[in-house]
Every structure is written in structure tokens, then in C-alpha cells.
Amino acid sequence: MKSSTRTAALITGAVVVLLAPVAAMRAWSGPADPRISVGAAAPATLLPGDIRDAAGRMVANAVWTGLVAYDPQTGEPSNAAAASVSSRDRRVWTVRLRPGGTFQDGSPVTARSFTGAWTAVLREGWAGARLLTEVARVKGARRGADAVAGLKVKDDLTFEVVLDRPLSGFPALLGDPAFFPLPESVLASRDWASYGKRPVGNGPFLVASRSAREIVLRRRSDEGRPVAVKAIPDAMAQYNAAAAGDLDVATRVPPDRHESMEADFGKRHAAVPGRDVTYLAFPAWAERLASPTIRSALSMAIDRSAVTEGALGHQYSPADALVAPGIRPGHRDGQCRLCVHDSKAAVAALADAGGLSGPLNVWYEANRGDDAWVTSVAEQLRTELKVDARPRPVADLRKAVDEHQVDGPFAVHTTAAYPAPVAALTPLLEAGTGFDDDYTAGLVADAERAATPGDGVVPARLAESAMLRDMPAMPLWSAHDHLVWSERVRGVTAGAFAGLRLDRLTVKD
């Protein structure tokens, strides 16, 4: 995926302007520093079951080894800590661990390391609890639960997971940090605060030190260089430091440097397709928006590229499908023909449908960061279709949707929980639109309970086509990550589900 439709037209010879933050970077990590340095915002937590941000996910995937791992190029899951994850009916799953696994303190990785950790996620109400209760739907899983009926330890290396319904994508879900193991010592003490400061995982890196300025990770094998994840939330500071060679990898690129990445870094830059998508959904109870033709007109009137390159600062890509491009297995480019900006077709479609009179409220949650793009979209609808579109922020959008207060299109943000197209579609059926189509819902159910994830791709694609035809939700854009790196670093690899792979970073000899 290209970062922008204009990437190929970059102006060569751009000058890199080094600002004051580079001087501070030199104080942290001078050219003689043997460590590999990565810039990122400071993670909110390193408790794997409570990971909430990209930086935390990146570090967690270095400190822990999950039951499965994701290939950063294809997104395909493969067994890692698990020797096998098997089921005859896709509802009752048997997980067998590889023998000999240990945590970094030398304690063994056992079946209870996983079942105890998952129970802790639920009992403590951490961010990962939703994956157990709403996505996997483990039998008996609920927030605050001190025991879970669907988790049974068979022996030291085997445990059973019982789901409420068949889910062929369950193994693919297990690479998320919410499913990472915890050592017996912290499961017994429940001293999460201390553990979160210097966690002990079972992965290739251990946390050698942690401060407000950096997290230093040392390879467990003592081979290769340590990695210093530096707390640099400012994108410009990261970018300039990488350009100067004072930072090896920058994980953020400022909007006004987007067009100069190729000139500044040559081939040392990349855009990583994401798994987050933003939609405008339509409430079924708003009768004047019931016609798919009206929804199509609104979709074609929106210039997605103008918004992603303007209000959204090049951090998103225009959507052309319901499924995010970071979901490599099963994603198809160009599925949403009605997502292409076409003023004449939009005006004609709206006229054919009888037009829209009166205010059109565009609903979104206040204080979430959506103000700029909603304002831009409302302005486009006013300009293109002469519709009185008005931004309508509310304190609790979900409550407003559930109580049917919403009378116009409303913002929906989704994140696919695992790399399969059905994982992107299920949240749309649960968005509260009132969309009730047995054909589409049946296809989604078929995709979830298919014999293999591959078998689930076809019904998911058919469901996507059906939803694009009826358009209960129009895709707007998908998030992506930007990476730029210095001349000395090698092996920069990243994917939508694991982020930047710290274990693959090396330096030029």
C-alpha cells in the first residue's frame, strides 16, 4: 500500500531541516551508542492483558511469545509457544504447548500460565477482556469473573478452551497480547503494579531497564544488540533524529514530511497497512436514509483523499473496501466502487432518490479526535449535494445509538481482532445500526464457523459484497503506520497485528 496517492510524484532534492530535538536525541543516544534505538510514544502499560497502544504492542511482542505469531508480510498466523491448537468442531479447542518453554526468570511455561493469565484479564477488567467475552466468547467469560468454566487445564502442557459458538479464527486470535502467559509468581501475588514496571515474559527479549525516557530490551540469548525504545511522542523529533542518524527507527512521520520521505530517506521508509477502519453508519430507524441510493449518493460525494491528506494528516488511507488492507488473508482492493469520489454521479443519485431536505446531522463522539474530519465531511456534503450537513458531537455516542436518538449517519471505528476478513465484518453487524439482513448475517456466521480459516474467506467476501450493496455503513478510511530509518539499521519489518518487529532489527556491519 502506498502512503499517499502522490507518493510517486515526490520532489527530489528536498532538504532535511534538523531541529532542536536532535540535540536532545544525541544526549540520549549518540552515534557511538551500540544499541539499536527506536522512537515511539511511551506505552501506557506493559501488562500484556491491558495493552492499549501501538508502542505497548510492539514491546509486548518482543518480551513475550504467544501461542501463535503473525507473519508480518502475509499476516498468516503460525504456532509459536503452541505445538498445536486443534478442534473437531471449532467450538472446543485443545491447546498443546511446546515442551521446555520457560519464562525469563527460569520458571516453566505451563498450561496454567495461560489459563491463569486469561482469568486475570477478566477478573481485573483489563483492555483485553473484550477479546475473551465478545470475540472469542469463551464459555463463562465475563468481566470480574474469578473462574471461567470454558478454561480447563488437562496437564502441564495441555489445556482446553470451550467457546459459546464455533469460531474457525480462534487460533489466529491467540497472537494478541491479551492471550500472552504470565508466570506463576505474579499470578499468585497479583502484584500487577510491580510486575508492570519490569515484566517477566517468555519471549526473545527481556526488560533490562525502564525509565520515563526509555525501555531497554536485552536479547535473552545475549547475542545481538540491545534495543532502546525511546519515549519520543513528537513525530517531528523522531523524523529529524532518524534523518540525522541519531535514531535508528522512527515509528511516526509528521504530516508535513509525508511528501518528502522518499527524498529524505530513499528506500528507507515504509507505510504499514493497518487493521483499523472508520465508517459512517446509517441508523435503520431513520426512514429518509433507508434507500441504498441515498447512501450511495452520500458516499460518492465524499472526497476521501482530500480528508486523509488534509484533516487527517496523511495518517490514513482512503478506504475502497469494508475490510482493512492490513488483513492480508482475504482482503480485496477496490471492492467499494461507490467509495470513489464522483460529484456528478452523487448529485444524480440523490436526485433519483428524491433528495434530502432539512438538516442532516453527522453524529460522532466528542473528545475522541474526530472533530476535524467530521467537519470536513459535512462541508463536502454541503458543497457537493447542497445538503444541510451538520456535525453533531455527543458525550456518549453508543448510548445515543442504543436509545435511537441518532437520526443521521454516525461514526463507527473498528479494529479487526484477528487476520481474517470476517473479523472486520462482525463489528459492523454489532455497530447498532439496526441492519437486519438474514442473508448477510448467515454468511458472516458461515465464515466464523467454517472448517478452516481459508474456507471462511468466500462467505466473508459474499457478505462484504452484500453489505456494500445495501451500505448500512460506508467505509471512509483505514489507518496505517509510517516508518523511516537510518542508514545503519537493517531488517525493518512490520505488520498490522504485531507492529514493528524488534527481534528482526540488526545493524550494518
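Look above for the structure.
Residues numbered from 1 in each chain as written. Predicted model: local features only at pLDDT ≥ 70, side-chain atom pairs only at ≥ 80, totals over all residues. Heavy atoms only, no water.

### Concerning the packing of aromatic side chains
Item 1. Taken as a whole and judged by the stated rule, the model has 9 aromatic pairs.
Item 2. Between tryptophan 126 and tryptophan 192 the ring centres are 5.0 Å apart and the planes differ by 85°, which places this aromatic pair in the edge-to-face class. Placement of tryptophan 126 in the loop between helix H3 (111-124) and helix H4 (129-135) and of tryptophan 192 in helix H7 (residues 192-197) is noted, with a sequence separation of 66 residues between them. Judged on exposure class, the residue tryptophan 126 and its partner tryptophan 192 are both buried. (Phe/Tyr/Trp six-rings, centres within 6.5 Å; stacked < 30°, edge-to-face > 60°. Helix = DSSP H or I, 4+ residues; strand = E, 2+ residues; numbered from the N terminus. Buried < 20%, exposed > 50% of the residue type's maximum accessible area, 1.4 Å probe, protein only.)

### Points about empty space enclosed by the protein
Item 1. Inspection of every chain in the model, using the stated rule, returns 2 cavities of 30 Å³ or more.
Item 2. Approximately 90 Å³ is the volume attributed to the largest cavity.
Item 3. Along the wall of the largest cavity there are 13 residues; nearest its centre are Asp71, Pro72, Gly495, Ala496 and Phe497.
Item 4. Elements with a minimum of two residues in the lining of the largest cavity: strand E12 (269-281) and strand E19 (494-495).
Item 5. The class makeup of the residues in the lining of the largest cavity is 8 nonpolar, 3 polar and 2 charged. (1 Å grid on protein atoms, 1.4 Å probe; cavity = no way out; pocket = protein on both sides within 12 Å on 5 of 7 lines; lining within 4 Å. Points joined across faces, edges and corners; volume = space filled by probe spheres on them. Nonpolar A, V, L, I, M, F, W, Y, C, P; charged D, E, K, R; others polar.)

### Here's the deal with helix H17 (residues 457-470)
Item 1. Between its first and last C-alpha atoms H17 spans 20 Å; for 14 residues at 1.5 Å apiece the expected length is 20 Å, and the two agree.
Item 2. Among all positions of H17, only Val457, Pro459, Ala460, Ala463, Glu464, Ala466, Met467 and Leu468 are buried.
Item 3. Residues of H17 that are buried in the fold lie against helix H15 (421-429), helix H16 (438-448) and strand E17 (473-485). (Expected span 1.5 Å × (residues − 1). Contact = heavy atoms within 4.5 Å.)

By themselves these figures say nothing about function.
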